[in-house]
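Understanding the architecture of this molecule
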Amino acid sequence: MDRRLILVRHGQSEWNLKNLFTGWKNPGLTDKGIEEAKEAGQLLKSRGYEIELCYTSALKRAQHTLDLMLEEMGITNMTIIRHQDLNERDYGDLAGLNKDDAREKWGDEQVHIWRRSYDTPPPGGESLKDTADRVLPYYKREIEPRVLDGGTILVAAHGNSLRALVMALEGLSPEEILKREIATGKPIIYDLNESGKVLKVENI
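For every chain, the first residue of the written sequence is number 1, and numbering continues from 1 onward in sequence order. Local features in this predicted model are restricted to residues of pLDDT 70 or higher, and side-chain atom pairs are both shown and tallied only at a pLDDT of 80 or more, whereas totals for entire chains, interfaces and linings draw on every residue. Hydrogens and water are ignored here; the side-chain numbers use all heavy atoms of the structure.

Considerations on helix α7 (residues 159-170)
- With twelve residues, α7 ought to run about 16 Å at 1.5 Å a step, and its terminal C-alpha atoms sit 16 Å apart, in line with that.
- Note on classification: 1.4 Å probe, protein chains only; a residue is buried when its accessible area is under 20% of the maximum for its type, exposed when over 50%, partly exposed between these limits. Numbering of helices and strands runs from the N terminus; a helix is a DSSP stretch of H or I covering at least four residues, while a strand is a stretch of E covering at least two. The element α7 is extensively covered by neighbouring structure, given that ten of its twelve residues are classed as buried.
- Within α7, the full set of buried residues consists of Gly159, Asn160, Ser161, Leu162, Arg163, Ala164, Leu165, Val166, Met167 and Leu169.
- Remark: Gly171 follows α7 within two positions and exhibits a positive phi of approximately 65°. Take the number of residues in a helix, subtract one, and multiply by 1.5 Å to get its expected span.

Okay, here's the thing in structure tokens:
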């Protein structure tokens, strides 16, 4: 029985390109991001995966990425569950700021701490720990049971919400997950056993 979970970070967004903190803001995909999403769909189609159910966030860059992937796979009738628990980390007061401008305002060291510490949030925003505290219960409650029932589940989300999932699935420490880059539009495929443990992971 297949118990397969596929994670994909959205394609490059307009604010990724401009080097802006994005968080819960809602920019669209760039032309490159659209191509990344299409290529991800083509890769998954080439593997012959039969997707049973899809999850994505409440933000349009992830939703558009998922729509483009499904279109490339020739899937037109699919249940898609959208939920803000899968949203990107909320960057609070940093959202919309250029990362270089933020360093000028608060200093390199402080901005680095906000970006790369596990449990120190920026003003008005979330740390990675805060993000994990909403993503992981949602995964355990909603997504994991569907995977364990058998089949292939596709999740299109964001760098930090997916980091939280990868951390739990692969048993990584906070230090290890902070060093892990989640590339845009590159599927990560997990095969799970009957208790939800990872049997195999593949980056394609």
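Comments concerning the side chain of Arg3
- Topologically, Arg3 is positioned in strand β1 (residues 3-9).
- Residues counted as positive are Lys and Arg, residues counted as negative are Asp and Glu, and His and the chain ends are not counted. Within this document, salt bridges are pairs made up of a side-chain nitrogen of Lys or Arg and a carboxyl oxygen of Asp or Glu, the two lying within 4 Å of each other. No salt bridge is formed by the buried Arg3; the nearest opposite charge belongs to Glu194, separated by 4.3 Å.
- Contacts of Arg3, omitting those with residues within four sequence positions, involve Val147, Leu148, Gly150, Gly151, Tyr190, Asp191, Leu192, Asn193 and Glu194. We call two residues in contact when some of their heavy atoms are within 4.5 Å.

Let's talk about the pattern of salt bridges
- The tally for this structure, following the rule as stated, stands at twelve salt bridges.
- The partner of Arg116 in a salt bridge is Glu181, and the shortest N-O contact between them spans 3.2 Å. Here Arg116, found in helix α5 (residues 108-116), pairs with Glu181, found in the loop between α8 (174-178) and β5 (188-192); they are 65 residues apart in sequence, far enough to count as distant.
- Judged by relative accessible area, which is 26%, Arg116 ranks as partly exposed.
- Arg141 is paired through a salt bridge with Glu142; the nearest N and O atoms lie 3.4 Å apart.
- Residue Arg141 is classed as partly exposed on the basis of its relative accessible area of 47%.
- Given the relative accessible area of 28%, Glu142 is considered partly exposed.

Section: the layout of surface pockets
- One number sums up the size of the largest pocket: a volume of about 330 Å³.
- Detection works on a 1 Å grid of protein atoms alone, calling trapped sets that fit a 1.4 Å probe cavities and calling open sets with protein on both sides within 12 Å along at least five of seven lines pockets, with lining residues defined by an atom within 4 Å of a point. Lining the largest pocket are 20 residues, with Arg9, Asn16, Glu88, Tyr91 and Lys99 positioned closest to its centre.
- When contributions to the lining of the largest pocket are tallied by element, the ones reaching two or more residues are α1 (14-17), α5 and α7.
- Ranked by residue count, the leading element in the lining of the largest pocket is α7, at three residues.
- Tallied by class, residues from the lining of the largest pocket come to five nonpolar, seven polar and eight charged.
- Counted as a void, the second largest pocket has a volume near 190 Å³.
- Lining of the second largest pocket is provided by Leu136, Tyr139, Lys140, Glu144, Ala168, Leu169, Ser195, Gly196, Lys197 and Val198.
- Residue assignment for the lining of the second largest pocket shows that the elements contributing at least two residues are α6 (128-148) and α7.
- Among the elements that take part in the lining of the second largest pocket, α6 stands out by supplying four residues, more than any other. Grid points are joined across faces, edges and corners, and a volume is the space filled by probe spheres set on the points. Gly is placed with the polar residues, together with every amino acid not listed as nonpolar (Ala, Val, Leu, Ile, Met, Phe, Trp, Tyr, Cys and Pro) or charged (Asp, Glu, Lys and Arg).

Quick word on the pairing of β5
- Counting buried positions over the five residues of β5 gives four, a clear majority of the element.
- A pair of strands is labelled paired if DSSP reports no fewer than 2 bridges between them. Of the strand pairs in this sheet, β1 and β5 are connected by four bridges, and their pairing is antiparallel. Within β5, the position partnered with Arg4 by the bridge is Asp191.
- Pairing between β5 and strand β6 (residues 198-203): five bridges, direction antiparallel. The partner of Asp191 across the bridge, within β6, is Lys200.

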